[in-house]
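Take a look at the letters that make up each chain.
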Amino acid sequence: MTADDSYGRLDDDDFPAYTMGRAADMLGTTQSFLRAIGEARLITPLRSAGGHRRYSRYQLRIAARARELVDQGMPIEAACRIVILEDQLQEAQRINAEHQRAAAVATARPRAAA
């Protein structure tokens, strides 16, 4: 991937654009926190060719939510589990809404004479 390719992907939520140091700065946390949520399998950062962790905007949002819960006194493992469940629920709701839209379109179409 060239630099020009990378610039085009900066709007991609899943593009691993942020180093561990930058991600920690953006979240106002430590690199050890990012390692801990990685060990808890909340997020799995991509690795650069040199083995350095890279984070996407989506992963940073997930990490920020975990940090909110930890700051409220929740143990990190519990916070990670809650964030995983919240993310799964949001995805299920999105899929359900798509199915409801498709069903509404299907019932609104006039039926062909048999």
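Note: the structure precedes this text.
The text that follows walks through the structure, step by step, so that each part is easy to find.

### Points about the overall build of the protein
Here is step 1: When you go through the protein residue by residue, the secondary structure sums to 5 helices and 3 strands.
Here is step 2: Listed by position from the N terminus, the elements making up the protein come as α-β-α-α-β-β-α-α.
Here is step 3: Per-residue burial over the protein gives 22% buried out of 114 residues.
Here is step 4: Counting contacts in the protein only where the partners sit at least 6 residues apart, residues at least 24 apart contribute 56% of the total.
Here is step 5: When the accessible surface of the protein is summed, it comes to about 8000 Å², and 52% of that surface belongs to carbon and sulfur atoms.

### Regarding helix α3 (residues 31-39)
Here is step 1: Residues of α3 that are buried include every one of Phe33, Leu34 and Ile37, and no others. Around the axis of α3, the buried residues are gathered within 100° of arc, so they sit on the same side.
Here is step 2: The secondary structure elements touched by the buried residues of α3 are α2 (20-27), β3 (53-55), α4 (57-71) and α5 (76-108).
Here is step 3: Looking at the residues trailing α3, positive phi occurs at Arg41, about 65°.

### A short note on the environment of Asp12
Here is step 1: When you line up the elements, Asp12 lands in the loop between α1 (3-8) and β1 (18-19).
Here is step 2: Residue classification places Asp12 among the partly exposed positions, given a relative accessible area of 27%.

### Concerning the nonpolar core
Here is step 1: Leu34, Ile37, Leu42, Ile43, Tyr55, Ala63 and Val83 are the most contacted members of the largest nonpolar core, which totals 19 residues.
Here is step 2: Looking at this core, the elements with two or more residues in it are α2, α3, α4 and α5.
Here is step 3: Considering every element that reaches this core, the biggest residue donor is α4, with 5 residues.
Here is step 4: The residues contacting Ala63, other than those within four sequence positions of it, are Leu27, Phe33, Leu34, Ile37 and Ile43.

### Quick notes on the packing of α2 against α4
Here is step 1: The interhelical angle for the contact between α2 and α4, taken along N-to-C directions, is 50°, at an axis separation of 10 Å. Overall, the two elements α2 and α4 adopt an arrangement that is oblique. Pair α2 / α4 crosses with right-handed handedness. Where α2 approaches α4, its residues Ala23, Met26 and Leu27 are matched on the opposing element by Leu60, Ala63, Ala64 and Arg67.

Analysis parameters
Residues numbered from 1 in each chain as written. Predicted model: local features only at pLDDT ≥ 70, side-chain atom pairs only at ≥ 80, totals over all residues. Heavy atoms only, no water. Helix = DSSP H or I, 4+ residues; strand = E, 2+ residues; numbered from the N terminus. Buried < 20%, exposed > 50% of the residue type's maximum accessible area, 1.4 Å probe, protein only. Contact = heavy atoms within 4.5 Å. Areas by Shrake-Rupley, 256 points an atom, 1.4 Å probe, with all protein chains shown as cover. Arc of directions from axis to C-beta. Core = buried A, V, L, I, M, F, W, Y, C linked by side-chain atoms within 4.5 Å. Axes fitted to C-alpha atoms, helices over the stretch in contact; angles between N-to-C directions. Parallel < 35°, antiparallel > 145°, perpendicular 65-115°, else oblique. Left-handed = near helix turned anticlockwise from the far one by under 90°.

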